[in-house]
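Chain by chain, the residues run as shown.
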Amino acid sequence: MNFDKAFERLIGHEGGYVNDPRDPGGETKFGISKRSYPAEDIKGLTLERAKAIYRRDFWGAAGCDAVPDAMRFDLFDMAVNSGPVTAIKTLQRSAGVTPDGLLGPITLRALSGAPAPRLVARFNGHRLDFMTDLKTWSVFGKGWAKRVASNLKEA
């Protein structure tokens, strides 16, 4: 999977403009939140600008091009929702290496030796475990769980 395909799939989950008072991110469009990007005009955000942000701050920052193809979308999706460092640490736990949040040679070696279906299942199990501990789980958890299940179906 490349970035363009991953972005297209991600936007199918993220949707348009919302300003849900229960969301700590606040005003959000295409999944880009005012809290994370205070200088952005969220309401006026274009899809092209959102794509540039996703490429730089999530796909690139999480090292998605370096991981096995089967893991790229899930890593990207978690980086978007929980931050690249948390996503990489989750990936490292899934691969059985010490989670330090840096996608280095030890992690990449462990990933290359792991069977893809097992790695994807472990990653998403750790991801769900992480999400259930978030204080907004009771509000958004059902949607997040559906999203992870949808990702597993599409993998």
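Parameters at a glance
- Residues numbered from 1 in each chain as written.
- Predicted model: local features only at pLDDT ≥ 70, side-chain atom pairs only at ≥ 80, totals over all residues.
- Heavy atoms only, no water.
- Helix = DSSP H or I, 4+ residues; strand = E, 2+ residues; numbered from the N terminus.
- Buried < 20%, exposed > 50% of the residue type's maximum accessible area, 1.4 Å probe, protein only.
- Expected span 1.5 Å × (residues − 1).

(A) Looking closely at the environment of V120. Relative to the assigned elements, V120 resides in helix α6 (residues 116-132). Each C-alpha atom, one on V120 and one on L91, is 9.0 Å from the other, the two residues being 29 residues apart in sequence.

(B) Representation of the environment of G12 within the structure. Mapped onto the elements, G12 comes out in helix α1 (residues 3-14). G12 gets classed as exposed once you look at its relative accessible area, which sits at 67%.

(C) Helix α3 (residues 69-82), seen in detail. Along its 14 residues, α3 runs 20 Å from first to last C-alpha, staying within 8% of the 20 Å computed at 1.5 Å per residue. Among the 14 residues that make up α3, 10 are buried, leaving the element largely enclosed by the rest of the structure. For α3, the complete set of buried residues consists of M71, R72, F73, D74, L75, F76, D77, M78, A79 and V80. Directly beyond the C-terminal end of α3, a positive phi value near 95° is found at G83.

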